[in-house]
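Single-letter residue listing:
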Amino acid sequence: EILSLVRGLSLDEEDAETYGIFAEIVGDSLSVRGHLVPALHQYIHARKLAESSQKAERVPRLLRKMAFIERCRNHYPKALGYLVEARARLLDLKKPAEMTEVLREMALVEEALGDFRGAVTHLNEAVDLATESADRSALSRSLLALGSLESQHGHLETGLGYDREGLRVAERSRDLTELAHAHIVLGADLLKASRPKEGLTHYD
């Protein structure tokens, strides 16, 4: 439906900014549907349009989304390259919320590459940044990612501690989506810790 809407618009050919916004929306829709390569092409196109329309502040978010696609395709070096560029650009833009998301995505790529220490470092940076900016949703996601990472590497009690803190933050955020996500992550890590009864309570 989004694609048909975009195709029906009669936009000025020089309106690169508007075209870039729609290209990103189409990329998001394709990504949700699991059409990774077409989504990546849309993000690349949106990035070019953002650059040409002098909207460079939109580029780090697009780079992060491109990295997510490449991570899903197991192209980890490409994903890491996009994230390194996004992080460098954000140092000048001072957008803490986006920097938190970039650091979290970077940690997931590093974990996939076997760099546990690097992943923990970047997740701790994300937690600190989200705490400073009082972004409870970003803080909850970062704590949960850190908890899941620690649990996957056998540090079960440490991981559960981060998970529980992520759950507490999600409760304070009053965002039901974040809260549901927190219960799922905590439930999964409790199952890893051979505590199925507690885990199923969180799933419920």
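Residues numbered from 1 in each chain as written. Predicted model: local features only at pLDDT ≥ 70, side-chain atom pairs only at ≥ 80, totals over all residues. Heavy atoms only, no water.

**Q** Can you help me understand the confidence of the model for the protein chain in this one?
**A** Caution is warranted with low-pLDDT regions, since their predicted coordinates should not be read in detail. Taken over all residues, the pLDDT of the protein chain has a mean of 92, while the share at 70 or more is 95%. When pLDDT is averaged over each element of the protein chain, helix H4 (residues 59-72) comes out on top at 97 and helix H1 (residues 2-7) at the bottom at 71. (pLDDT = per-residue confidence, 0-100. Helix = DSSP H or I, 4+ residues; strand = E, 2+ residues; numbered from the N terminus.)

**Q** Before we go on, may I ask you to explain the pattern of salt bridges in this structure?
**A** Where charged atoms from two side chains of opposite charge come close, those side chains can pair. All chains considered together, the criterion is met by 19 salt bridges. A salt bridge links Glu24 to Lys65, with the shortest nitrogen-to-oxygen separation between them at 2.7 Å. Of this pair, Glu24 sits in helix H2 (residues 16-33) while Lys65 sits in helix H4, placing them 41 residues apart in sequence. For the pair formed by Glu24 and Lys65, the shared burial category is buried. Among the salt bridges present, the one from Glu178 reaches Arg141, with a minimum N-O distance of 2.4 Å. One end of the pair, Glu178, is in helix H10 (residues 176-192); the other, Arg141, is in helix H8 (residues 136-152), and 37 residues separate them in sequence. Pair check on accessibility: Glu178 and Arg141 agree, each one buried. Residues joined in a network through salt bridges with shared partners are Glu24, Asp28, Arg58, Arg61 and Lys65. (Salt bridge = Lys/Arg side-chain N within 4 Å of Asp/Glu carboxyl O. Buried < 20%, exposed > 50% of the residue type's maximum accessible area, 1.4 Å probe, protein only.)

**Q** Got a minute to help me understand the packing of H4 against helix H5 (residues 76-93) in this structure?
**A** Interhelical geometry of H4 versus H5 gives an angle of 165° and a closest axis separation of 8 Å. In terms of axis orientation, H4 runs roughly antiparallel to H5. Helix-helix and strand crossings are classified by hand; for H4 and H5 the assignment is left-handed. Facing Val59, Pro60, Leu63, Arg64, Met66, Ala67, Glu70 and Arg71 of H4, the residues of H5 in contact are Tyr76, Lys78, Ala79, Tyr82, Leu83, Glu85, Ala86, Arg89, Leu90 and Leu93. (Axes fitted to C-alpha atoms, helices over the stretch in contact; angles between N-to-C directions. Parallel < 35°, antiparallel > 145°, perpendicular 65-115°, else oblique. Left-handed = near helix turned anticlockwise from the far one by under 90°. Contact = heavy atoms within 4.5 Å.)

**Q** Mind showing me how you'd approach unusual backbone geometry here?
**A** Glycine aside, negative phi is the norm for most residues, and most peptide bonds take the trans geometry. In this structure, Asn74 is a non-glycine residue whose phi angle is positive, near 65°. Structurally, Asn74 is set in the loop between H4 and H5. The exposure class assigned to Asn74 is exposed, which follows from its relative accessible area of 51%. One non-glycine residue with positive phi stands out, namely Lys94, at about 55°. Residue Lys94 is classed as exposed on the basis of its relative accessible area of 68%.

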